[in-house]
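Okay, here's what each chain looks like letter by letter:
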Amino acid sequence: MRKIHVIGIGAGDPDQLTLQAVKALRGTDVFFLLDKGEVKNDLTQLRRDILDAHLPEGSYRVVAARDPERDRKAGGAAYPSAVEDWRSARAGIYARLIAEELGEDGTGAFLVWGDPALYDSTLAILEEVLEQGSVAFTYDVVPGISSVSALAARHRTSLTRVARPMQITTGRRLAEGFPDGVDDVVVMLDAQQTFRRYAEEAGAEGRDGMDIYWGAYIGTPDEILVSGPLAEAGPRIERLRAEARERKGWIMDTYLLRRNPGDA
Ligand SMILES: C[S@@+](CC[C@H](N)C(=O)[O-])C[C@H]1O[C@@H](n2cnc3c(N)ncnc32)[C@H](O)[C@@H]1O
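Residues numbered from 1 in each chain as written. Predicted model: local features only at pLDDT ≥ 70, side-chain atom pairs only at ≥ 80, totals over all residues. Heavy atoms only, no water.

Student: Where do I start with the overall build of the protein chain in this structure?
Tutor: Scanning the protein chain for helices and strands turns up eight helices and ten strands. Taking 264 residues into account, the globule formula puts the C-alpha radius of gyration at 18 Å, and the protein chain, at 20 Å, falls close to it. Seen through its principal axes, the protein chain has C-alpha atoms that stretch 65 × 40 × 40 Å. Here the protein chain holds 264 residues, and the buried ones make up 48% of them. Long-range pairs, those at least 24 residues apart, make up 71% of the contacts in the protein chain between residues at least 6 apart in sequence. Of the roughly 13200 Å² of accessible surface on the protein chain, 48% is carried by carbon and sulfur atoms. Seen as two clouds, the 33 positive and the 42 negative side-chain charges of the protein chain have centres 2 Å apart. (Helix = DSSP H or I, 4+ residues; strand = E, 2+ residues; numbered from the N terminus. Rg over C-alpha atoms; globule rule 2.2 N^0.38 Å. Buried < 20%, exposed > 50% of the residue type's maximum accessible area, 1.4 Å probe, protein only. Contact = heavy atoms within 4.5 Å. Areas by Shrake-Rupley, 256 points an atom, 1.4 Å probe, with all protein chains shown as cover. Lys, Arg positive; Asp, Glu negative; His and termini not counted. Charge placed at Lys NZ, Arg CZ, Asp CG, Glu CD.)

Student: What is the right way to look at the packing of aromatic side chains in this model?
Tutor: If you walk through the whole model with that rule in mind, you get seven aromatic pairs. Arranged with centres 6.0 Å apart and planes meeting at 90°, the rings of phenylalanine 31 and tyrosine 60 form a pair that is edge-to-face. Residue phenylalanine 31 is located in strand β2 (residues 30–35), and its partner tyrosine 60 is located in the loop between α2 (41–54) and β3 (61–66); the two are separated by 29 residues in the primary sequence. Taking the relative accessible area as the measure of exposure, tyrosine 60 reaches 18% and is therefore buried. Ring geometry for tyrosine 94 and phenylalanine 110: centres 4.4 Å apart, planes at 10°, overall stacked. Of this pair, tyrosine 94 sits in helix α3 (residues 78–101) while phenylalanine 110 sits in strand β4 (residues 107–112); the two residues are 16 residues apart in sequence, bridging distant segments of the chain. The exposure class assigned to tyrosine 94 is buried, which follows from its relative accessible area of 2%. Each residue in the set Phe32, Tyr94 and Phe110 is aromatic and connected to the rest through ring pairs, giving one cluster. Against the face of tyrosine 217 rests lysine 248, its NZ or CZ located 5.6 Å from the ring centre. (Phe/Tyr/Trp six-rings, centres within 6.5 Å; stacked < 30°, edge-to-face > 60°. Lys NZ or Arg CZ within 6 Å of the ring centre and 35° of its normal.)

Student: Please explain the site of the ligand as it appears in this structure.
Tutor: With respect to spatial proximity, 16 residues lie near the ligand, and among them Ala11, Asp115, Ser147, Asp253 and Thr254 are the closest. Measuring from a nitrogen atom of the ligand, one finds a backbone N or O atom of alanine 11 at 2.8 Å. Between the ligand and the protein, one listed contact pairs a nitrogen atom with a backbone N or O atom of isoleucine 218 at 2.9 Å. Its residues assigned to classes, the shell around the ligand shows nine nonpolar, five polar and two charged. (Near = heavy atom within 4 Å. Polar contact = N/O pair within 3.5 Å; in protein donor to acceptor, adjacent residues only side chain to side chain. Nonpolar A, V, L, I, M, F, W, Y, C, P; charged D, E, K, R; others polar.)

Student: How do you make sense of helix α8 (residues 230–248) when you look at a structure like this?
Tutor: Owing to its 3.6 residues per turn, the α-helix aligns residues three or four sequence positions apart on the same side. In a regular helix each residue adds 1.5 Å, so 19 residues correspond to 27 Å; α8 covers 25 Å between its end C-alpha atoms and thus fits that length. For α8, every residue scored as buried is listed here: Leu230, Ala233, Gly234, Ile237, Leu240, Arg241 and Ala244. Projected down its long axis, α8 shows its buried positions confined to an angular sector of 145°, all on one face. Of the residues in α8, the exposed ones pointing more than 90 degrees away from the buried face are Glu232, Glu246 and Arg247. Two residues or fewer past α8, glycine 249 is found with a positive phi of approximately 90°. (Expected span 1.5 Å × (residues − 1). Arc of directions from axis to C-beta.)

Student: Would you mind showing me how to read the sheet that holds β4 here?
Tutor: By way of backbone hydrogen bonds, the strands of a sheet pair with one another, either parallel or antiparallel. The strand order β3-β2-β4-β1-β5 describes an open sheet built from five strands, whose pairing is parallel. Because the sheet does not close on itself, it has two edges, and the strands there are β3 and β5 (137–142). Pairwise comparison of adjacent strand axes, ignoring direction, gives a mean angle of 25° for this sheet. One ladder, built from three bridges, connects β2 with β4; its direction is parallel. Within the sheet, the bridge partner assigned to phenylalanine 31 lies in β4 and is alanine 109. Against the sheet, helix α1 (residues 19–26) engages β1 (2–8), β2, β4 and β5, with an angle of about 145° to β1. (Pairing = 2+ DSSP bridges. Axes fitted to C-alpha atoms, helices over the stretch in contact; angles between N-to-C directions.)

Student: I keep staring at helix α5 (residues 147–154) and nothing clicks. Help me out?
Tutor: All of the buried residues in α5 are Ser147, Val148, Ala150, Leu151 and Ala152. For α5, the elements touching its buried residues are β6 (167–170), β7 (184–188), β8 (210–216) and β10 (253–259). Where α5 terminates, the next one or two residues include arginine 156, which has phi positive at roughly 50°.

Student: Could you clarify how one ought to interpret the sheet that holds β8 in this entry?
Tutor: Ordered by their spatial adjacency, five strands build an open sheet running β6-β7-β10-β8-β9, and the pairing between neighbours is mixed. In this open sheet, the two edge strands, each paired with only one partner strand, are β6 and β9 (224–229). On average, each strand axis in the sheet is tilted by 15° relative to the strand beside it, whichever way the strands run. By the bridge criterion, six bridges tie β8 to β9 in an arrangement that is antiparallel. Residue pairing across strands places tryptophan 214 opposite valine 226, the latter belonging to β9. Those strands touched by α5 are β6, β7, β8, β9 and β10, and its axis lies near 65° from that of β10.

Read these as layout, nothing more, since geometry by itself doesn't imply function.
Shown next as structure tokens:
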């Protein structure tokens, strides 16, 4: 029976791999790397750097494939079905990779950025491949250090306050409003810098009670960190973000928005 490891590899720093992840790397015959296109080549290279950091050079086999394009213009009600179409296209590619590139008793691995449990579709895609029934395999999951954990550690802050909940959400969701019942919100996948609207609102109402802890390319040599009151840090983040995006052609950033007591 073919076997697949889904390995969380941390947010970019090769030292963030767990011992369990390194053991799984060492027990893998073929690594499947999905290339997201030109601007994300850096991410493929970072994955290769992680393999080089933990395995003897030239000792492993990588099979690269091109990720299908997602319809990024689909918004609102069309968004879930655009994501579903994209997942199905990926399922076809995964099925082919597993069937054609892995021997009957081979072990393959998908290296997942951060932790596979957070905004990542690898597990859903593998389930879809199994449902399609064209190739049989078992799989396990190795947890990784998420960009959320890495962000909190780099800012030396906790994500939760005493007996309070915390929410992880997306920029798209935050644009619909600050979530009810929480004062600590971690935002991922935010291409629109949605935090800006809260800086403006705070300013308009004469409030200054929201803090931001922001990080881009966390764990990589390009890492940028900014924290402070949103009204002051927000414009600085906007400037640094625009410069970095221009320089590298892509950006991955995450932030914690923290509403302070008396400001809710
Ligand atoms: C598709 S999600 C994957 C999340 C990943 N599974 C994790 O556990 O971090 C991609 C988002 O993760 C965040 N992210 C991932 N790596 C990051 C990094 N090194 N620095 C900052 N944010 C990162 C960004 O918000 C990005 O838009």
